Amino acid sequence: MGIVYLTRIEHFNAAHRLFNPLWSDEKNEEVYGKCANANWHGHNFELYVTVKGTPSSETGFVMDAKKLSKIINKSIIDIVDHRNLNIDVPFMEGKTTSIENLVIGIWEILEPLIPSPVKLHCVKLVETPRIFIEYFG
């Protein structure tokens, strides 16, 4: 039997500001544009979490999608939803709050929480209808 991929989609809203504290305001604006606005800006994020494995002979599931949702919500959504990524989210402390760094931080939290023998395959984070990041660890 081959590998099966299961994806769960969750949603959250969060604000952030892209800036490097070592740079001048002018340099930050040059690199990050409007995203360097000192008054923050927000996104309606879509989080896709894909796990992989072989379906159980007992349940037919790779993983119970409800359990996957609970893991995602408890460990990620409850922490980031309606928060400021620069100020309120411990796993982003000291990091530029780019979508790239955010998706890596999400992976690092989720990966050890996925029960064996299932494996985390991909975390995809959609920031806007035209921008998304996929991370495969």
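On a predicted model such as this, the values are computed, not experimentally measured, just so you know.

Draft legend 1. A look at the sheet that holds strand β4 (residues 119-128). Spatially, the 5 strands line up as an open sheet ordered β3-β1-β2-β4-β5, and their pairing is mixed. The open sheet has two edge strands, β3 (83-84) and β5 (131-135), and neither has a second partner. Examined bridge by bridge, strand β1 (residues 4-16) and strand β2 (residues 41-53) share 13 bridges and lie antiparallel to one another. Bridged to His11 within β2 is Glu46. The strands touched by helix α2 (residues 65-80) within the sheet are β1, β2 and β3, with β1 carrying the most contacts at an inclination of about 20°. On top of the sheet, helix α3 (residues 99-110) reaches β1, β2, β4 and β5; it is set at about 150° to β4, its chief contact.

Draft legend 2. Quick look at α3. Given a rise of 1.5 Å per residue, 12 residues ought to cover 16 Å, and the 16 Å separating the end C-alpha atoms of α3 matches this to within 8%. What α3 keeps buried is the set Ile99, Leu102, Val103, Gly105, Ile106, Trp107 and Leu110. Packing partners of the buried residues in α3 comprise β1, β2, α2, β4 and β5.

Draft legend 3. The pairing of β4, seen in detail. The element β4 is largely enclosed, with a buried count of 7 among its 10 residues. Where β2 meets β4, 7 bridges bridge the pair, whose relative direction is antiparallel. Looking at β4, one finds that Glu46 is bridged to Val126. Looking at chain direction, β4 and β5 are connected through 5 bridges and run antiparallel. When the sheet's bridge partners are listed, Lys124 is paired in β5 with Glu134. Connecting β4 to the next strand, β5, in antiparallel fashion are 2 residues.

Draft legend 4. Seen up close, the pattern of salt bridges. Counting across every chain of the model gives 1 salt bridge. Across the pair Glu10 and Arg8 runs a salt bridge whose closest N-O atoms are separated by 2.9 Å.

Draft legend 5. The environment of Phe61, seen in detail. Tracing the chain through its elements places Phe61 in the loop between β2 and α2. Under the relative-accessibility criterion, Phe61 is labelled partly exposed at 44%. Taking C-alpha positions, Phe61 is 31 Å from Ile99, a pair spaced 38 residues apart along the chain.

Draft legend 6. The arrangement of unusual backbone geometry in detail. In the segment running from Ser116 into Pro117, the intervening peptide bond is cis, with an omega of 10°. Summarising the element assignment, Pro117 is placed in the loop between α3 and β4. A positive phi angle, close to 75°, is found at Trp40, a residue other than glycine. Relative to the assigned elements, Trp40 resides in the loop between α1 (25-32) and β2.

Rules and cut-offs
Residues numbered from 1 in each chain as written. Predicted model: local features only at pLDDT ≥ 70, side-chain atom pairs only at ≥ 80, totals over all residues. Heavy atoms only, no water. Pairing = 2+ DSSP bridges. Helix = DSSP H or I, 4+ residues; strand = E, 2+ residues; numbered from the N terminus. Contact = heavy atoms within 4.5 Å. Axes fitted to C-alpha atoms, helices over the stretch in contact; angles between N-to-C directions. Expected span 1.5 Å × (residues − 1). Buried < 20%, exposed > 50% of the residue type's maximum accessible area, 1.4 Å probe, protein only. Salt bridge = Lys/Arg side-chain N within 4 Å of Asp/Glu carboxyl O.

The values are spatial; any link to function lies outside them.
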